[in-house]
Amino acid sequence: GKVVSVKIGRFGPVIQIGSTDSEEKPRFARLEKGLSMETITLKEALELFKLPRVVGEYEDKEVSIGTGRFGPYVRHDNKYISLPKTLDPMKVTLEEAEQLILEKRAKEAERHIKKFDEEPDMEILNGRYGPYIAYKGNNYKIPKDIVPQDLSLKSCLELVRIQDEKGPSTSSKGKRTAKKK
């Protein structure tokens, strides 16, 4: 009983159910790849509103499957876990979602190497490019010859001080060289 329309939104074509004139807020869905604004049918448009869908509860919290800016995901306890491309978001079961949640937790646990009770702002983490120190919103490299697990709070503060004195690292990505004619 609501109007369904297709229009160009801020980030590309969207489908809208409802209108801004009514008291109830309209719902939006992004047009998936392969669908065209000119040729989409009502049935195809309504299919896009099947997500997010609730698949059940895990640890007394709702587990839902949705799709977002970066693709399909599982949402549990306000945490988002990306769905692998092999899984169809419309067919994911609660058991598969639970497995993805547990895998994400294990990966997150591996990320933390060491914390210091005396200095809660300092933490040694395992990152994409190896271990590093996170301190007051900044990241500091740990030299390759140092074992991160053996670092004390004093030695971490020393590494931070040395790197702060050295100044920010320069990368070749942001530099532009002036060409002489």
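This one's a predicted model, so the numbers in the text were calculated from it and none came from an experiment.

Conventions we followed
- Residues numbered from 1 in each chain as written.
- Predicted model: local features only at pLDDT ≥ 70, side-chain atom pairs only at ≥ 80, totals over all residues.
- Heavy atoms only, no water.
- Helix = DSSP H or I, 4+ residues; strand = E, 2+ residues; numbered from the N terminus.
- Rg over C-alpha atoms; globule rule 2.2 N^0.38 Å.
- Buried < 20%, exposed > 50% of the residue type's maximum accessible area, 1.4 Å probe, protein only.
- Contact = heavy atoms within 4.5 Å.
- Lys, Arg positive; Asp, Glu negative; His and termini not counted.
- Charge placed at Lys NZ, Arg CZ, Asp CG, Glu CD.
- Salt bridge = Lys/Arg side-chain N within 4 Å of Asp/Glu carboxyl O.
- Phe/Tyr/Trp six-rings, centres within 6.5 Å; stacked < 30°, edge-to-face > 60°.
- Polar contact = N/O pair within 3.5 Å; in protein donor to acceptor, adjacent residues only side chain to side chain.
- Pairing = 2+ DSSP bridges.
- Axes fitted to C-alpha atoms, helices over the stretch in contact; angles between N-to-C directions.
- Patch = residues over 30% accessible without salt bridge, like charges linked within 9 Å, V, L, I, M, F, W, Y side chains within 5 Å.
- Areas by Shrake-Rupley, 256 points an atom, 1.4 Å probe, with all protein chains shown as cover.

If you tally the helices and strands in the protein chain, you get 3 helices and 11 strands. Each helix and strand of the protein chain, placed in order from N terminus to C terminus, yields the pattern β-β-β-α-β-β-β-β-α-β-β-β-β-α. By the compact-globule yardstick of 16 Å for 181 residues, the protein chain is too spread out, its C-alpha radius of gyration being 24 Å. Put simply, the protein chain has 181 residues, and 29% of those count as buried. Across the protein chain, contacts joining residues at least 24 apart in sequence account for 29% of those joining residues at least 6 apart. A gap of 11 Å separates the mean positions of the 35 positive and 29 negative side-chain charges of the protein chain.

Applying the stated criterion to the full structure yields 6 salt bridges. Glu59 is the salt-bridge partner of Arg105, the closest N and O atoms lying 2.7 Å from each other. Here Glu59 lies in the loop between strand 4 (53-58) and strand 5 (61-68) and Arg105 lies in helix 2 (residues 94-111), a separation of 46 residues in the sequence. Overall, Glu59 belongs to the partly exposed group, its relative accessible area being 43%. Across the salt bridge formed by Glu158 and Arg161, the nearest N and O atoms sit 2.4 Å from each other. Of this pair, Glu158 and Arg161 both sit in helix 3 (residues 153-166), 3 residues apart, roughly one helical turn. Taking relative accessible area as the criterion, Glu158 reaches 36% and is therefore assigned partly exposed. What you see here is one network of salt bridges that share partners, running through Glu158, Arg161 and Glu165.

Take the packing of aromatic side chains next. Tallied over the entire structure, the rule returns 1 aromatic pair. Aromatic pair Tyr73 and Tyr80: ring centres 5.0 Å apart, planes at 75°, arrangement edge-to-face. For Tyr73, a relative accessible area of 18% translates into the label buried.

The next thing to look at is the side chain of His76. Within the secondary structure, His76 sits in strand 6 (residues 71-76). Judged by relative accessible area, which is 2%, His76 ranks as buried. Looking at His76, its side chain comes within polar contact range of the main-chain oxygen of Tyr58, at 2.9 Å. The residues contacting His76, other than those within four sequence positions of it, are Tyr58, Glu59, Lys61, Glu62, Val63, Ile101 and Arg105.

A few words on the sheet that holds strand 10 (residues 130-135). With respect to topology, 4 strands assemble into an open sheet ordered 8-9-10-11, the strand pairing being antiparallel. Only two strands of the sheet have a single neighbouring strand rather than two, namely strand 8 (112-115) and strand 11 (138-141). Across the sheet, the mean angle from the axis of one strand to that of its neighbour is 25°, orientation sign disregarded. When strand 8 meets strand 9 (residues 122-127), the two strands line up antiparallel, connected through 3 bridges. Considered in strand 9, the bridge of Lys114 is made with Ile124.

On to a nonpolar patch on the surface. On the surface, a nonpolar cluster with roughly 240 Å² of combined accessible area is contributed by Val4, Leu42 and Leu46. Tracing the backbone through its elements, the reader meets Val4 in strand 1 (residues 4-9). Residue classification places Val4 among the partly exposed positions, given a relative accessible area of 30%.

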